[in-house]
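Each chain, letter by letter, is given below.
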Amino acid sequence: MSRAVKRAFKYRFYPTDSQSAELARTFGCVRKVYNLALVARTEAWTLRQERINYHTTSALLTAWKKTDELAFLNEVSSVPLQQALRHLQVAFTNFFAKRARYPSFKSKKKSRRSAEYTTSAFRWRDGRLTLAKMTEPLDIVWSRPIPEGASPSTVTVSQDAAGRWFVSLLCDDVIEQVPASGMVGVDAGIDSLLTLSTGEKIVNPKHERRDRARLARVQRALAKKEKGSANRAKARRTVARVYARITDRRRDHLHKLTTRLVRENQTIVIEDLAVRNMVKNHSLARAVSDAAWRQFRTLLEYKADWYGRDLVVVDRWFPSSKLCSACGALVERMPLNVRSWTCRCGQTHDRDVNAARNILAEGLSVIACGGGVRPQRESSRMGRSSAKQENPRATKGILAL
Ligand SMILES: [Zn+2]
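Residues numbered from 1 in each chain as written. Predicted model: local features only at pLDDT ≥ 70, side-chain atom pairs only at ≥ 80, totals over all residues. Heavy atoms only, no water.

Colleague: Please give an account of the sheet that holds strand S7 (residues 182–188) that cites residues and values.
Modeller: Strand order in this open sheet of 5 strands is S9-S8-S7-S10-S11, and the pairing throughout is mixed. Strands with a single pairing partner mark the edges of an open sheet, and in this sheet they are strand S9 (201–202) and strand S11 (310–314). In the sheet, strand S8 (residues 194–196) pairs with S9 via 2 bridges, with the strands oriented antiparallel. By the bridge assignment for S9, Thr-195 is matched with Lys-201. Along the sheet face, helix H5 (residues 230–264) touches S7, S8, S9 and strand S10 (265–271) and points at about 125° away from the line of S10. (Pairing = 2+ DSSP bridges. Helix = DSSP H or I, 4+ residues; strand = E, 2+ residues; numbered from the N terminus. Contact = heavy atoms within 4.5 Å. Axes fitted to C-alpha atoms, helices over the stretch in contact; angles between N-to-C directions.)

Colleague: Which residues make up helix H1 (residues 17–48), and what values do they have?
Modeller: Structurally, the α-helix is built with 3.6 residues per turn, so residues lying three or four positions apart point the same way. When the terminal C-alpha atoms of H1 are compared, their 46 Å separation across 32 residues agrees well with the 46 Å that a helix rising 1.5 Å per residue should span. Gln-49 sits one or two positions beyond H1 and adopts a positive phi of about 50°. (Expected span 1.5 Å × (residues − 1).)

Colleague: Break down the coordination of the zinc ion for me, citing the residues and quoting the values.
Modeller: Protein coordination of the zinc ion is provided by Cys-324 (SG), Cys-327 (SG), Cys-343 (SG) and Cys-345 (SG), with donor distances spanning 2.3 to 2.4 Å. One can describe the donor arrangement at the zinc ion as tetrahedral, given that its 4 donor atoms subtend angles of 107 to 113° at the metal. Within one chain, the residues donating to the zinc ion are spaced in sequence as C-x2-C-x15-C-x1-C. With Cys-324 in the loop between S11 and strand S12 (340–342) and Cys-343 in the loop between S12 and strand S13 (348–350), this residue pair connects regions lying 19 residues apart in the sequence. An identical accessibility class is assigned to Cys-324 and Cys-343; each is buried. (Donors = N, O, S within 2.8 Å, 3.2 Å for Na, K, Ca; no water. Tetrahedral: all angles 85-135°; square planar, octahedral: opposite > 155°, others 65-115°. Buried < 20%, exposed > 50% of the residue type's maximum accessible area, 1.4 Å probe, protein only.)

Colleague: Kindly report on the packing of helix H4 (residues 208–224) against H5, identifying the contributing residues and their values.
Modeller: Here H4 crosses H5 at 160°, and the two axes come no closer than 9 Å. By the angle between their directions, the pair H4 and H5 is classed as roughly antiparallel. The handedness of the crossing between H4 and H5 is left-handed. On H5, the residues that touch Glu-208, Asp-211, Arg-212, Arg-214, Leu-215, Val-218, Gln-219 and Leu-222 of H4 are Arg-232, Ala-235, Arg-236, Thr-238, Val-239, Val-242, Tyr-243, Arg-245, Ile-246, Arg-249 and Arg-250. For the contact of H4 with H5, the per-class residue count stands at 8 nonpolar, 2 polar and 9 charged. (Parallel < 35°, antiparallel > 145°, perpendicular 65-115°, else oblique. Left-handed = near helix turned anticlockwise from the far one by under 90°. Nonpolar A, V, L, I, M, F, W, Y, C, P; charged D, E, K, R; others polar.)

Colleague: Just give me the short version of the environment of Arg-51, but keep the residues and values in it.
Modeller: Following the sequence through the fold, Arg-51 ends up in the loop between H1 and helix H2 (54–65). Leaving out residues up to four positions away in the same chain, Arg-51 has contacts with Trp-45 and Phe-96.

Colleague: Outline the nonpolar core, listing residues and values.
Modeller: Formed by 41 residues in total, the largest nonpolar core has its most connected members in Leu-23, Tyr-117, Leu-129, Leu-131, Val-155, Val-157 and Val-167. Elements with a contribution of two residues or more to this core: strand S1 (2–12), H1, H2, helix H3 (78–96), strand S2 (113–118), strand S4 (128–131), strand S5 (154–159) and strand S6 (165–176). Considering every element that reaches this core, the biggest residue donor is H1, with 8 residues. With near-sequence residues (within four places) excluded, Val-167 lies in contact with Phe-9, Lys-10, Tyr-11, Phe-13, Leu-129, Leu-138, Ile-140, Val-155, Thr-156 and Val-157. Core analysis: the next-biggest nonpolar cluster, separate from the first, contains 26 residues, Val-186, Val-262, Ile-268 and Ala-304 among them. (Core = buried A, V, L, I, M, F, W, Y, C linked by side-chain atoms within 4.5 Å.)

Below, the structure is given as structure tokens:
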């Protein structure tokens, strides 16, 4: 079996001076239009209890462009501006469906600098990409090939806090779905990134410990710099660079890992860790491992879907580390510093491997009870699911993932 999917391919590129100026202008206009439309929609809602839609804001954009103070919006391609209005529409749809918070303004310093182009606003010829209002194609570093004969339907250009430029091409691709026989349970940790029910421990990417220490150091240095000073701006770029290196390496690591897991296994069981976000722990290690876990789950979800695998997410309150995976006995206490323990039945367990085995067993029983349905993104413990629905914070945590 094969499956048609939309797949994004992201690359670095190096703009010419005129291209980077054009893109900086475009980012500014995208932000301006997004914020103006947000004001219009907020006023309509608070003053008149009226929900205005994409088409209304699109008509407003046409009117704004005719005024003297907003005439500069005509200087850039109109497509990224229209796309910004579509993104705002999506943000409002999510808000009204209670999946997200009220949309917030885009800030010059903190928001992602990006612009989205649809087919009418770029030219794709012989593997060269030229954006609207530009004469030369982008100088893209093709770090991996896009599918043979594919042509992008949407192109997103962005610049990160470290000043690097990226272009993401959304292409049609075909995935061959080859059945796999394996089943695996995955436990998330801090010491080792993940532990599998097979006993395998997956550690953090090489150099991550050193990079984290460096990140903590440059963040302390940044905190000491005077606000608004040139030194502070410089320190901020250093922090962004170190952070970018950590996230790049981690993304790479998680991509390889999730691809391997879905290739080898038909059933993958993970734990829902949304509850962790409610625990007060602001350590850097915690923040990084939580971010890694969210990313791991996101990648796993779409890859499991692509490859036709069953991804089961088990209950957050399932006592995975307190159960003996050999005899099923429940121990009362299992402090975090206990790395291995021996059950009354005589079995000695590595804490994390035991937890991963319990997660797998729990997932398999869910599949058996569910009669073949995929409980993806849903709670597994039937008896508790109704009680959990009443906890809005917990429910929101799942949906936000
Ligand atoms: Zn036991």
